[in-house]
Amino acid sequence: VDGLPVYSSNDVANHRDETTGVWISYKSGVYDITSFIKSHPGGNKILLGAGGSVEPFWTLYAIHKQPQILALMEEYRIGNLTKGEEHLAMMNMDDPYANEPQRHPVLTIRTKKPFNAETPASLLVENFITPTEIFYIRHHFPVPDVDLSSDDYSIEIVGIDEKQSLNLNLDQLKTVYTPHSVTASLQCSGNRRSEMNRVKPVKGLEWAQGAMGNAVWKGVRLRDVLLDLGVKDSDENDNWHVRFDGLDMDPTSAPYAVSIPLSKAMDPRGDVILAYEMNGETLTRDHGFPLRVVVPGTTGARWVKWLTRIEVSKNESESHWQQNDYKSFNPSADWAKVDWSTAPAIQEMPVTSVICDPQDGETTTLQDGKLQLRGLRYAWSGGGRGIVRVDISLDLGKTWHVAELIDPVGLNRQWAWTRWRADLPVAVKETEVWVRAVDSAYNTQPEGMEHIWNMRGVMAVGYHKIKVSVNA
Ligand code: MTE
Ligand code: MO
């Protein structure tokens, strides 16, 4: 490295396209990635970083700072940056976040770039249907901007055999297939992570209880599209998968991609749709305009936004998000040693429940001597399993009260959350409130976060425990 030529940030900036060659810098290294671009499936999207430092891109997503990617980069190294010019090289970068949509100021921001924000608990379930403007947002990258009038946008759908393929634009999709609406809650695998983080630090966004919302989604059934493609509704393909690609990409031009079991997609009662509407309106950019997958009962990570490609495959997606993220491990597993291939990707989520009002640590006034847990609270389970009961304890689990369920609940195919309320007598000044839900398969929540603790902080579904002070 020491003997290599020295280039200024201007030299790097003068190499931004294929005629001059494409150079980038990373820390003090200068790299000619012209040949790398060609060999890359994501093609020239990587040119966004051309002529400047890739660091702003790489901080978007820590995975790229892995040794194997750094080693790969070193193969393209041609020289060193003039000392002290690292910051100049950074300025030559176009900001990939320059074109983000406006967001509602009430959202609690967890990270700005990429944008991640949740609904404050005080607003969360005031409504059975969460208003789109305050619905939580979880992005891994900058938000794609699709111009439907430009004809650039279409959805490529590929079967197991290359001959099976369809290419549809949004209008075609809407005219060919019958619309279908579904009311379904969307929850991030990391919802409530902050409660787990309190036990012992985990890696991930510090979500409180608001990385979840409930909406009415309208679109076309994925099943109908796949039947058209020639996919058989038979048990021969029970272990196959459907892969989805979004338009958003990581700095190596790999799109956000994941997969779900084909059996879920083909299930006529599975309600998997390709949605173009949310709460009666065109999808917003933040929620996947123009098209996203809605996989009711399944974790948020599989609901791919800005959908551009669907592929039926015998194997799961090979993406980072399917293979090396969104999995849970034994509480003693650690990042350094864990073998990600030993755990399945999260699909259906376990049962969970939350008290949003009062909040942990709040002082509340009794009504007729009773503590009112009637503000904001939800319970939900994955796989369409309805909530059959919500239990509350005010004495650390010695005795339990049964809450009243407010929203209508089905036992199966119940994709939406269920709100509940309880008015409970309390005779003490300080009390700890515990809640847990029971789903239609009699699954319930584990008591402590400590025993389900996992390094990624996913599926933090222990009892929700809050401390409240009461004014008699
Ligand atoms: N789809 C794409 N293309 N890119 C993403 O970053 N994030 C996923 C999922 N779909 C993501 C995506 C995750 S982890 C979640 S929890 C949900 O989208 C969040 O959806 P929302 O932002 O509409 O609430
Ligand atoms: Mo998520």
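Heads up: these notes are all about the structure in this document.

Analysis parameters
Residues numbered from 1 in each chain as written. Chains lettered and ligands numbered in written order. Predicted model: local features only at pLDDT ≥ 70, side-chain atom pairs only at ≥ 80, totals over all residues. Heavy atoms only, no water. Helix = DSSP H or I, 4+ residues; strand = E, 2+ residues; numbered from the N terminus. Rg over C-alpha atoms; globule rule 2.2 N^0.38 Å. Buried < 20%, exposed > 50% of the residue type's maximum accessible area, 1.4 Å probe, protein only. Contact = heavy atoms within 4.5 Å. Areas by Shrake-Rupley, 256 points an atom, 1.4 Å probe, with all protein chains shown as cover. Lys, Arg positive; Asp, Glu negative; His and termini not counted. Charge placed at Lys NZ, Arg CZ, Asp CG, Glu CD. Phe/Tyr/Trp six-rings, centres within 6.5 Å; stacked < 30°, edge-to-face > 60°. Core = buried A, V, L, I, M, F, W, Y, C linked by side-chain atoms within 4.5 Å. Domains from an automatic or database assignment. Polar contact = N/O pair within 3.5 Å; in protein donor to acceptor, adjacent residues only side chain to side chain. Pairing = 2+ DSSP bridges. Near = heavy atom within 4 Å. Disulfide = S-S within 2.5 Å. Axes fitted to C-alpha atoms, helices over the stretch in contact; angles between N-to-C directions. Salt bridge = Lys/Arg side-chain N within 4 Å of Asp/Glu carboxyl O.

## Overview of the overall build of the protein chain
Along the backbone of the protein chain there are eleven helices and 28 strands. Here the C-alpha radius of gyration of the protein chain, 24 Å, is about what a compact globule of 472 residues would show, namely 23 Å. Structurally, the protein chain occupies a C-alpha span of about 80 × 55 × 40 Å along its principal axes. Expressed as a percentage of the 472 residues in the protein chain, the buried residues total 55%. In the protein chain, once contacts between residues fewer than 6 apart in sequence are set aside, the share between residues at least 24 apart is 71%. If you sum the accessible surface of the protein chain, you get close to 20,500 Å²; carbon and sulfur atoms cover 49% of it. In the protein chain, which carries 48 positive and 61 negative side-chain charges, the distance between the mean positions of the two groups comes to 5 Å.

## Quick word on the packing of aromatic side chains
Per the counting criterion, the structure on display carries 13 aromatic pairs. Taking the centre distance of 6.1 Å and the plane angle of 85° together, the rings of Phe135 and Trp217 count as edge-to-face. Linking Phe135 in the loop between helix H6 (121-124) and strand S8 (137-138) with Trp217 in strand S12 (residues 212-221), this pair joins segments that are 82 residues apart in sequence. Of the two residues, Phe135 and Trp217, neither departs from the other in class, the shared state being buried.

## Remarks on the nonpolar core
Membership of the largest hydrophobic core comes to 68 residues, with the highest contact counts inside it found for Leu173, Trp217, Leu226 and Leu274. Ranked by residue count, the leading element in this core is strand S15 (residues 273-278), at five residues. Taken domain by domain, this core gets at least three of its residues from each of domain 2 (108-342) and domain 3 (352-471).

## Brief notes about the side chain of Asp286
Mapped onto the elements of the fold, Asp286 is located in the loop between strand S16 (281-282) and strand S17 (292-294). By relative accessible area, Asp286 is classed as buried at 7%. At a separation of 2.8 Å, a polar atom in the side chain of Asp286 contacts the side chain of Arg103. Side chain to side chain, Asp286 and His139 meet in a polar contact 2.8 Å long. Not counting the four nearest positions on each side in its chain, Asp286 is found in contact with Pro101, Gln102, Arg103, Ile137, His139, Val143, Lys305 and Trp306.

## A few points about the environment of Pro120
Secondary-structure assignment places Pro120 in the loop between strand S7 (116-118) and H6. For the pair formed by Pro120 and Ser332, sequence separation is 212 residues and the distance between their alpha carbons is 32 Å. Contacts of Pro120, omitting those with residues within four sequence positions, involve Val106, Leu107 and Thr108.

## Quick notes on the sheet that holds strand S1 (residues 6-7)
One open sheet holds the five strands; their spatial order is S1-S5-S4-S3-S2, and the pairing between them is mixed. The outermost strands of the open sheet, each flanked by one partner alone, are S1 and strand S2 (16-17). Sheet analysis places strand S3 (residues 21-26) next to strand S4 (residues 29-32), joined by four bridges and oriented antiparallel. Paired with Ile24 across the strands is Tyr31, a residue of S4.

## A short note on the site of ligand 1
Near ligand 1 there are 21 residues, and of these His140, Asp248, His287, Arg292 and Lys305 occur at the shortest range. At 2.6 Å, a side-chain N or O of Asp248 approaches a nitrogen atom of ligand 1. For ligand 1, an oxygen atom lies 2.5 Å from a polar atom in the side chain of Lys305. Expressed as a share of its isolated accessible area of 530 Å², the protein-covered part of ligand 1 is 100%.

## Considerations on the state of the cysteines
Throughout the structure, instances matching the rule amount to zero disulfides. Cysteine Cys356 remains unbridged, with the sulfur of Cys188 as its closest cysteine sulfur at 16 Å.

## Topic: the sheet that holds strand S13 (residues 241-249)
A sheet is described by the order of its strands in space; here five strands give the open sequence S10-S9-S18-S13-S14, paired in mixed fashion. Edge positions in the sheet fall to strand S10 (165-168) and strand S14 (255-261), since each of these pairs with one other strand and no more. Neighbour-to-neighbour, the strand axes of this sheet turn through a mean angle of 15°, independent of strand direction. Of the pairings in the sheet, the one linking S13 to S14 comprises six bridges and is antiparallel in character. Across the sheet, residue Phe244 finds its bridge partner in S14, namely Val258.

## Overview of the environment of Gly297
Position of Gly297 among the secondary structure elements: in the loop between S17 and strand S18 (307-313). The class of Gly297 is buried, set by a relative accessible area of 0%. It is 9.5 Å that separates the C-alpha atoms of Gly297 and Asp271, two residues lying 26 residues apart in sequence. Sequence-distant contacts of Gly297, defined by excluding residues within four places in its chain, comprise Gln347, Glu348, Met349, Trp380, Gly382, Gly383, Gly384 and Trp415.

## Remarks on the pattern of salt bridges
Within this structure, the stated rule accounts for 21 salt bridges. Asp391 serves as the salt-bridge partner of Arg436, at 2.9 Å between the closest nitrogen and oxygen. With Arg436 in strand S27 (residues 430-439) and Asp391 in strand S23 (residues 387-393), this pair connects stretches of sequence that are 45 residues apart. With a relative accessible area of 15%, Arg436 lands in the buried category. In this structure, a network of salt bridges that share partners links the residues Glu100, Arg103 and Asp286.

## Let's talk about the side chain of Ser393
Residue placement: Ser393 occurs in strand S23. In terms of polar contacts, Ser393 uses its side chain to reach the backbone amide nitrogen of Gly397, at 2.8 Å. Discounting chain neighbours no more than four positions away, the residues touching Ser393 are Lys398, Thr399, Trp400, Glu432, Val433 and Trp434.

## Brief notes about the pairing of S4
Hairpin remark: S3 followed by S4, antiparallel, with two residues in the connecting loop; positive phi at Lys27, about 50°. Here S4 pairs with strand S5 (residues 77-81) via three bridges, running antiparallel. Paired with Tyr31 across the bridge in S5 is Arg77.

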